[in-house]
Amino acid sequence: MVNGDQKMMDLATFELIFFPILSNNCYYLLCFDIKNPSIVIIDNLDMQERNQTDKHRKECMITASEVKEHLVRYMRSVRHINAELVEAQTPIRLNLQWYTTAMDSGVYVMRHMETYMGTRRNKWDCGFATQKSKLNKQLLMAKKKYAAKIILSDINLHRARIVDAINSQAI
């Protein structure tokens, strides 16, 4: 959380800014590299599996352009040195090795935010297996991990109540 921290507000310490996007019941990720300006769309679902592929591509590009417009406006307001460079970027969709038809897009988005470091596109690996049985185990573990982090987060207003309920169930 920013909480008035000037370094957080002016984006001076940031290299990457992630925007999770929900479209047609599936999540994908926009990543703005503001240190080495670029904009990437990270979408794990195979475009052939998406309904109306061309429509989805257009929606991704429109959304990326709208988010870019707002981000650049903010960057200008805090006099960020790379505002114009970010504005000049055209979003590109990353070609991933792990396209899937799974409806675990939210888990993929969280994993992508965890592992994508602006790495060269052909060298990035989010760590998920391509073998279905191993992947299913990894997805289950990731779901548990992310759920625990969300539930136990200090900013979760319901944390104490949930922890108390869990402790009252303990043997």
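Residues numbered from 1 in each chain as written. Predicted model: local features only at pLDDT ≥ 70, side-chain atom pairs only at ≥ 80, totals over all residues. Heavy atoms only, no water.

Trainee: What's the story with the pairing of strand β1 (residues 16-23) in this structure? I'm lost.
Mentor: Moving residue by residue along a regular strand, the side chains alternate between the two faces of the sheet. Across eight bridges, β1 lies against strand β2 (residues 26-33) in antiparallel orientation. Following the sheet pairing, Ile17 is matched in β2 by Phe32. Taking the residues between adjacent antiparallel strands as the criterion, β1 and β2 are bridged by two residues, where Asn24 takes a positive phi near 50°. (Pairing = 2+ DSSP bridges. Helix = DSSP H or I, 4+ residues; strand = E, 2+ residues; numbered from the N terminus.)

Trainee: I would appreciate a short explanation of the pairing of strand β3 (residues 38-42) in the present structure.
Mentor: Here β3 lies mainly inside the structure; four of its five residues are buried. Where β2 meets β3, five bridges bridge the pair, whose relative direction is antiparallel. Of the residues in β3, the one forming a bridge with Phe32 is Ile39. Connecting β2 to the next strand, β3, in antiparallel fashion are four residues. Note that β3 and strand β4 (residues 92-93) share two bridges and pair parallel. (Buried < 20%, exposed > 50% of the residue type's maximum accessible area, 1.4 Å probe, protein only.)

Trainee: Would you explain the packing of aromatic side chains in this entry?
Mentor: Aromatic ring pairs are described here by two measures, namely the spacing of the ring centres and the angle between the planes. For the structure on display, the rule yields three aromatic pairs. Look at Phe19 and Phe32: their rings are 5.6 Å apart centre to centre, the planes differ by 85°, and that puts the pair in the edge-to-face class. With Phe19 in strand β1 and Phe32 in strand β2, this residue pair connects regions lying 13 residues apart in the sequence. For Phe19, a relative accessible area of 26% corresponds to the partly exposed category. (Phe/Tyr/Trp six-rings, centres within 6.5 Å; stacked < 30°, edge-to-face > 60°.)

Trainee: Where do I start with the side chain of Ser105 in this structure?
Mentor: Position of Ser105 among the secondary structure elements: in helix α4 (residues 105-115). If near-sequence neighbours (up to four positions away) are discounted, Ser105 is found in contact with Cys26, Tyr27 and Asn44. (Contact = heavy atoms within 4.5 Å.)

Trainee: Could you clarify how one ought to interpret the sheet that holds β4 in this entry?
Mentor: Here we have four strands laid out as an open sheet, ordered β1-β2-β3-β4, and mixed in their pairing. Edge positions in the sheet fall to β1 and β4, since each of these pairs with one other strand and no more. Sheet strands touched by α4: β1, β2 and β3. Its angle to β2, the strand with the most contacts, is close to 20°. (Axes fitted to C-alpha atoms, helices over the stretch in contact; angles between N-to-C directions.)

Trainee: Which parts of the structure should I look at to understand α4?
Mentor: An α-helix turns once every 3.6 residues. As a result, residues three or four positions apart point the same way. Inspection of α4 places Ser105, Val107, Tyr108, Val109, His112 and Thr115 among the buried residues, and these make up the whole buried set. Structurally, α4 contributes buried residues whose contacts are with β1, β2, β3 and α5 (132-152).

Trainee: Can you help me understand the nonpolar core in this one?
Mentor: Side chains that are nonpolar tend, in soluble globular proteins, to be buried together. Counting 19 residues, the largest nonpolar core has Ile42, Leu94, Tyr116, Trp124 and Phe128 as the members making the most contacts within it. Counting residues per element, the ones that place at least two in this core are β2, β3, α4 and α5. The element that contributes the greatest number of residues to this core is α5, accounting for four residues. Discounting residues that sit within four places of it in the chain, Phe128 has contacts with Val107, Tyr108, Arg111, Leu135, Gln138, Leu139 and Ala142. (Core = buried A, V, L, I, M, F, W, Y, C linked by side-chain atoms within 4.5 Å.)

Trainee: Help me understand the packing of α4 against α5 in this model?
Mentor: Think of two packed helices as two axes; the pair is described by the angle between the axes and how far apart they sit. Between α4 and α5, whose axes approach to 10 Å, the crossing angle comes to 75°. Taken together, the axis directions place α4 and α5 in an arrangement best described as roughly perpendicular. On α5, the residues that touch Val107, Tyr108, Met110, Arg111 and Glu114 of α4 are Leu135, Leu139, Ala142, Lys143, Lys145, Tyr146 and Ile150. By residue class, the composition of the contact of α4 with α5 is eight nonpolar, no polar and four charged. (Parallel < 35°, antiparallel > 145°, perpendicular 65-115°, else oblique. Nonpolar A, V, L, I, M, F, W, Y, C, P; charged D, E, K, R; others polar.)

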